[in-house]
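# Tertiary structure, described
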Amino acid sequence: MKRRIMAALLAAAMLLSVAACSSGGESSAGGEAQESTGGAAGTTESTAGEGAADGDTGLTYDGEEVTITYWHTHGDAEEVVLKEQIVPEFEKQFPNIHVKLVRMPYDGLKQQVIQGVSSGTAPDLMRMDIIWVTEFAKLGALVPVDDLPGFAEMKETLFEGPLSTNYYEGKYYGLPLNTNCLSGAWSKTMLDQLGLTEVPKTYDDMLALKDQLKEGQYLFATEDTNTWATAPLFYSLGGTYTNEDYTKASGYLNGEASVKALETIVQWYDEGILGPATMAGKPDVSNGVFRGEYLLTYQGPWFYTNNKEEDIAKVQAGLLPAGDAGSMTVVGGEDLCMFTSGKNQEAAWVFARFLMGEFAQKAQALGGGRLIPTVKEFANSEEVMAVENMDVYVEQLENAVSRTPHPAWEKMSDKIMKLFQSCLRHEVEPRAALDKLAPEIDALLAEK
């Protein structure tokens, strides 16, 4: 079994050396190796210890003194919070556990993880991109957490969308550390021009404004045709990629609602309702909304910290408009995953649960990165709601969909993106294109 996992990981690493972006190895690791690695983490006590800080996760650790390695991809402002607040508080509560932080560059990271797992040098715990979790779970590289102490209770407290990104073939392989989504960044200039005192609630409300636009103005634009950028619009209009358990695309991706949604998007692009940024044209979404050329663009919470204050002052945060299916968005963020090769699983699980506790979740949200807590109670707390625009994103998350948690997702995503591009160029018609693509996605979903 170990040789099979190693072979799969090495094959994936070789593939990644040829292509910078891949959806992972094709070989499937069986459940035997996965199940046999959960014992160490399962010994963690779940009762609160004396002197525990307010808001911790009710943990104790009675094991030997260890140092765990934690790989993360935090930005500058986020890393400061991790290094100066979260880890010191954790090590104060658990003096026998030391945390070695390793900030990893995102470019080429997947290949480094594959190589680390195949060579037995993977970290004890990692903050992993949500779209990678199922790929590594398929390879047998991750520890399932379903039966670990505290997970069952914690599961009920989390936003469903972020939690679902850890699910693969009946088990969960991580915890949703932080989340984000796209919501609306609305041009104050255009809102004033159109005489609006609040943002439009539906796409129909927006369409009614079309005749009031000036030359060079558009109602909205997505940043690209990739699935991250277009899923909120496609899903809001009634489209979907697969059925609810991510096993079938035929009848869903090419269902009547999806066909209508894509036809509508193409029509809006032809009519100049959907702006040129969607197809990499100018103005881009940021400058367009700042200059009053796009009424609406789809932006994540980082938009408000990554731009100049004078530009952000020209924008109003607000929910995305609702289509036939509501005001939908797409889940982003990172998950906490432990590797089957990890030597310190008990201590790593204690740290993972601490990162999901009140102290760490709120520190992340209140820090410069404005990371949205995945625990509903903390996300809706008075302190987090006081962070500028956080209330909008937390509300938007209530209607968030995951980008199909499946090992083949990146392949699927690439195919869907190319289909959208072809339809917007009128190289193919939406119905025919979706009818052709759906069986291809079925085949990817069926890969084991």
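Attention here is on the structure that accompanies the text.

Conventions and cut-offs
- Residues numbered from 1 in each chain as written.
- Predicted model: local features only at pLDDT ≥ 70, side-chain atom pairs only at ≥ 80, totals over all residues.
- Heavy atoms only, no water.
- Core = buried A, V, L, I, M, F, W, Y, C linked by side-chain atoms within 4.5 Å.
- Buried < 20%, exposed > 50% of the residue type's maximum accessible area, 1.4 Å probe, protein only.
- Contact = heavy atoms within 4.5 Å.
- Pairing = 2+ DSSP bridges.
- Helix = DSSP H or I, 4+ residues; strand = E, 2+ residues; numbered from the N terminus.
- Axes fitted to C-alpha atoms, helices over the stretch in contact; angles between N-to-C directions.
- Parallel < 35°, antiparallel > 145°, perpendicular 65-115°, else oblique.
- Left-handed = near helix turned anticlockwise from the far one by under 90°.
- Nonpolar A, V, L, I, M, F, W, Y, C, P; charged D, E, K, R; others polar.
- Expected span 1.5 Å × (residues − 1).
- Phe/Tyr/Trp six-rings, centres within 6.5 Å; stacked < 30°, edge-to-face > 60°.

## Some words on the nonpolar core
- Residues Met128, Phe136, Leu142, Phe220 and Leu295 are the most contacted members of the largest nonpolar core, which totals 94 residues.
- Here Phe220 is in contact with Tyr203, Met206, Leu233, Trp268, Ile273, Leu274, Gly275, Tyr294, Leu296 and Tyr298, once residues within four sequence places are set aside.
- Residues Ile68, Tyr70, Leu82 and Val145 belong to the second largest nonpolar core, which totals 39 residues.

## Section: the sheet that holds strand 9 (residues 294–299)
- Taking strand neighbours across the sheet as the criterion, the 4 strands line up as 8-9-7-10 in an open arrangement whose pairing is mixed. Here the strands that pair on one side only, and so sit at the sheet edges, are strand 8 (218–221) and strand 10 (315–318). Ignoring strand direction, the axes of neighbouring strands in this sheet form an average angle of 25°.
- Two strands pair when backbone bridges link them, and strand 8 and strand 9 are joined in this way by 3 bridges, in the parallel orientation. Residue pairing for strand 9: Phe220 is matched across the bridge by Leu296.
- Sheet strands touched by helix 18 (residues 390–397): strand 7 (183–187), strand 9 and strand 10. Its angle to strand 7, the strand with the most contacts, is close to 135°.

## Here's the deal with the side chain of Thr240
- With respect to the helices and strands, the residue Thr240 is situated in the loop between helix 10 (227–236) and helix 11 (256–270).
- Every residue in contact with Thr240, bar those within four places of it in the chain, is listed here: Phe234, Tyr235, Tyr252, Leu253 and Ser258.

## Description of the packing of helix 11 against helix 20 (residues 430–445)
- At their nearest, the axes of helix 11 and helix 20 sit 9 Å apart, and the two run at 130° to each other. Judged by the angle between their axes, helix 11 and helix 20 are oblique. The crossing of helix 11 and helix 20 is right-handed. Of helix 20, the residues touching helix 11 (which contributes Glu256, Ser258, Val259, Leu262, Glu263 and Val266) are Pro430, Arg431 and Leu434.
- Here the residues of the contact of helix 11 with helix 20 are counted per class, giving 5 nonpolar, 1 polar and 3 charged.

## Notes on helix 11
- Between its terminal C-alpha atoms helix 11 stretches 21 Å, which fits the 21 Å expected from 15 residues at 1.5 Å a residue.
- Turning to helix 11, its buried residues number three or more, namely Ser258, Val259, Ala261, Leu262, Thr264, Ile265, Val266 and Trp268.
- Buried residues belonging to helix 11 abut helix 9 (203–207), strand 8, helix 10, helix 19 (409–424) and helix 20.
- Looking one or two residues beyond helix 11, the residue adopting positive phi is Gly272, at roughly 75°.

## Quick word on helix 20
- Helix length check: helix 20, at 16 residues, gives a terminal C-alpha distance of 21 Å against a target of 22 Å (1.5 Å per residue), a fit within 8%.
- Elements that come into contact with the buried residues of helix 20 comprise helix 11 and helix 19.

## Some points on the packing of aromatic side chains
- Throughout the structure, instances matching the rule amount to 22 aromatic pairs.
- Where Tyr70 meets Phe351, the ring centres are 5.4 Å apart and the plane angle is 85°; that geometry is what we call edge-to-face. Taken together, the residues span a long stretch of sequence, with Tyr70 in strand 1 (residues 66–72) and Phe351 in helix 14 (residues 345–355) at a distance of 281 residues.
- By relative accessible area, Tyr70 is classed as buried at 1%.
- Judged by relative accessible area, which is 0%, Phe351 ranks as buried.
- Here the aromatic rings of Tyr203 and Phe220 are separated by 5.6 Å at their centres, their planes lie at 55°, and the arrangement is tilted. In this pair, Tyr203 sits in helix 9 while Phe220 sits in strand 8, placing the two residues 17 residues apart along the sequence.
- Tyr203 sits in the buried class, given a relative accessible area of 3%.
- On the basis of relative accessibility, which here comes to 1%, the residue Phe220 falls in the buried class.

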